[in-house]
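A closer look at the structure
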Amino acid sequence: MSDIDFDQVIQAIRSATNRPDGDLILHEPDLTGEESDYVQACIKSTFVSSVGEYVDRFELELAEYLGSKKAVVVSNGTAALQVALHLVGVRSNDEVLMPALTFVATANAAAHCRAIPHFVDSHPSGIGIDVEKFRKYLTKIVEHRGDQAFNILTGRRLAAFVPMNTFGHPVQMLELKKLCSSYGIPLVEDAAESLGSTYGNRHAGTFGDIGIVSFNGNKIITTGGGGAIVTDDEELARRAKHLTTTAKKAHAWEYYHDEVAWNYRMPNLNAALGCAQLKRLEEFVQSKRTLASRYQEAFKNIQEIECVVEPPNTRSNYWLNAIRLSDASIEVRDELLSKCIENGLHCRPCWNLLSELPMYLDCPASDLSNAQEAVKAIVCIPSSSSLGVTDG
Ligand SMILES: *Cc1c(COP(=O)(O)O)cnc(C)c1O
């Protein structure tokens, strides 16, 4: 049995959040700024759907915030990933490298391109990618044909790599970028969770050939549902806009579409919400970082638990705070989860490994021992930005 004192854990969460009782959900949006005014103005304009000023404005302001040339907003983060993979050339029967420990959307986006996810291991901390292990793994499995990389074992092309910034913590992107470019493997950054995080002096989402972010209701800012494709390549951005808006040629009245495309646009109504939320992003990052340091303080004296903290050289948005149990097992993790939930603390495990879900069981994978440990050891704790706001 575990030595963890569950009551002490509950006490630590309660004291760090300054909420002695009541329900604390994992992550709730804060819509107490100008959100309502913006959405009302959008409704008044009657332009609530696929055209309108908020879409253009949100794209410009998001690109400006990130320091990237272009942002194209779409219906959700999964759609953004799928289109990003298509744009870097992922096609039927290709393989897409990605962590096994991520949200299912990362793999689904590849599957929707009719490609096969190829799972790699997390950093020993459980978050991000184990760069050295990945480097060695590529040496073993890659065969060059021309300027492209193929999997020696399956004969399939390795068409993209999708690192993911777990809970908001940026991966070691410069190393990964160098590695991928030496193999000719395009890089798509899944920054769905890391809007507002930086690595060195650059924003998460701006490191790959393309990056994506999500504005789902549980992310750091929300448009209700939504996502964005981020790139410095103007031609890729033009293609992204065209492909996500039914490939219609601009014309005063003609319906002329020049390829099979998607209707993945973000409605103006959602973009209005996004414009109001984006104004508050820095404030949310601040609150979440404050909350993270309070958690670190509160857990300092619990030896069997450590807080998941930002990697060196990064400034994380701490989208989700997480703790890591030493000596973990699924049983101890689940006992902790059920005790917390009984107490009104809506804690969650991290994901099941994607390589163990029925539709991805047969996909290629490297050794996943770090990720397997992380599933047992990591528990996400209440992380709403409002919990980090100091009273008074
Ligand atoms: C939220 C998320 C996405 C995209 O999600 P949508 O709900 O489709 O916006 C993709 N990848 C990761 C890792 C996520 O957490």
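Above this text you will find the structure in question.
The paragraphs below set out a description of the structure included in this document. (Residues numbered from 1 in each chain as written. Predicted model: local features only at pLDDT ≥ 70, side-chain atom pairs only at ≥ 80, totals over all residues. Heavy atoms only, no water.)

1. A few points about the pairing of strand E5 (residues 148–151)
- Taken together, the four bridges between strand E4 (residues 142–145) and E5 define a ladder with antiparallel strand orientation. In the strand pairing of E5, Arg-145 is matched with Gln-148. (Pairing = 2+ DSSP bridges. Helix = DSSP H or I, 4+ residues; strand = E, 2+ residues; numbered from the N terminus.)

2. Details of the sheet that holds strand E10 (residues 210–214)
- Ordered in space as E1-E11-E10-E7, the four strands form an open sheet in which the pairing is mixed. Pairing within the sheet leaves two strands with one partner each, and these edge strands are strand E1 (70–74) and strand E7 (188–190). Strand-to-strand, the axes of this sheet are offset by a mean angle of 20°, without reference to chain direction.
- Bridge analysis of E10 against strand E11 (residues 227–231) gives four bridges, and the strand direction is antiparallel. When the sheet's bridge partners are listed, Ile-212 is paired in E11 with Ile-229.
- In the packing of helix H4 (residues 77–87) onto the sheet, contacts are made with E1, E7, E10 and E11, and the angle to E10 comes to roughly 170°. (Axes fitted to C-alpha atoms, helices over the stretch in contact; angles between N-to-C directions. Contact = heavy atoms within 4.5 Å.)

3. Looking at the site of the ligand
- The local shell around the ligand holds 15 residues, among which Gly-77, Thr-78, Glu-193, Ser-214 and Lys-219 are the closest.
- Here an oxygen atom of the ligand and a backbone polar atom of Gly-77 are 2.7 Å apart.
- Within the side chain of Lys-219, one N or O atom sits 3.3 Å away from an oxygen atom of the ligand.
- Its free accessible area being 390 Å², the ligand has 92% of it covered by the protein chains.
- Counting only elements with at least two residues in the shell around the ligand, the list comes to H4 and helix H5 (104–112). (Near = heavy atom within 4 Å. Polar contact = N/O pair within 3.5 Å; in protein donor to acceptor, adjacent residues only side chain to side chain. Areas by Shrake-Rupley, 256 points an atom, 1.4 Å probe, with all protein chains shown as cover.)

4. Considerations on the packing of aromatic side chains
- Taken as a whole and assessed by the stated rule, the structure comprises eight aromatic pairs.
- For the pair Phe-134 and Phe-161, a centre-to-centre distance of 4.5 Å together with 25° between the ring planes defines the contact as stacked. Taken together, the positions of Phe-134 in helix H6 (residues 131–141) and Phe-161 in strand E6 (residues 158–161) put the pair 27 residues apart, joining distant regions of the chain.
- A centroid spacing of 5.5 Å and a plane angle of 10° characterise the contact between Trp-262 and Tyr-264, whose relative ring orientation is stacked.
- Under the relative-accessibility criterion, Tyr-264 is labelled buried at 17%. (Phe/Tyr/Trp six-rings, centres within 6.5 Å; stacked < 30°, edge-to-face > 60°. Buried < 20%, exposed > 50% of the residue type's maximum accessible area, 1.4 Å probe, protein only.)

5. Things to note about the pattern of salt bridges
- Evaluation of the coordinates by the stated rule reveals 20 salt bridges.
- In this structure, Lys-241 engages Glu-59 in a salt bridge whose closest nitrogen and oxygen atoms are separated by 2.8 Å. Placement of the pair is Lys-241 in helix H8 (residues 234–244) and Glu-59 in helix H3 (residues 53–66), with a sequence separation of 182 residues.
- The exposure class assigned to Lys-241 is partly exposed, which follows from its relative accessible area of 29%.
- Put simply, Glu-259 and Arg-239 hold a salt bridge, and the shortest N to O gap is 2.7 Å. With Glu-259 in the loop between H8 and helix H9 (268–278) and Arg-239 in helix H8, this residue pair connects regions lying 20 residues apart in the sequence.
- Classification of Glu-259 as partly exposed rests on a relative accessible area of 30%.
- According to the relative accessible area criterion, Arg-239 is partly exposed, its value standing at 24%. (Salt bridge = Lys/Arg side-chain N within 4 Å of Asp/Glu carboxyl O.)

6. A short note on the side chain of Glu-193
- Looking at where Glu-193 falls in the secondary structure, it is placed in the loop between E7 and strand E8 (198–199).
- Here Glu-193 occupies a buried position and makes no salt bridge, while the nearest side chain of opposite charge, Lys-219, is found at 5.2 Å.
- A distance of 2.7 Å separates a polar atom in the side chain of Glu-193 from the backbone nitrogen of Phe-167.
- Excluding anything up to four places from it in sequence, Glu-193 contacts Met-164, Asn-165, Thr-166, Phe-167, Gly-168, Lys-219, Asn-317, Trp-319 and Trp-351. (Lys, Arg positive; Asp, Glu negative; His and termini not counted.)

7. A closer look at unusual backbone geometry
- Even without being a glycine, Arg-114 presents a positive backbone phi close to 60°.
- Take Arg-114: its relative accessible area is 65%, and that puts it in the exposed class.
- Despite not being glycine, Tyr-318 has its phi angle at roughly 40°, a positive value.
- Looking at the element boundaries, Tyr-318 is found in the loop between strand E13 (314–315) and strand E14 (321–325).

8. Thoughts on the sheet that holds E6
- What the three strands build is an open sheet, ordered E3-E2-E6; its pairing is parallel. Here the strands that pair on one side only, and so sit at the sheet edges, are strand E3 (116–120) and E6. On average, adjacent strands in this sheet sit at an angle of 30° to one another, irrespective of strand direction.
- By the bridge criterion, three bridges tie strand E2 (residues 95–99) to E6 in an arrangement that is parallel.

9. Here we look at helix H2 (residues 35–45)
- Where H2 is concerned, the buried positions are Glu-35, Tyr-38, Val-39 and Cys-42. Relative to the axis of H2, the buried residues are bounded by an arc of 95° and lie together on one face. Turned more than 90 degrees away from the buried face of H2 sit Asp-37 and Lys-44, all of them exposed.
- Packing partners of the buried residues in H2 comprise H3 and H9. (Arc of directions from axis to C-beta.)

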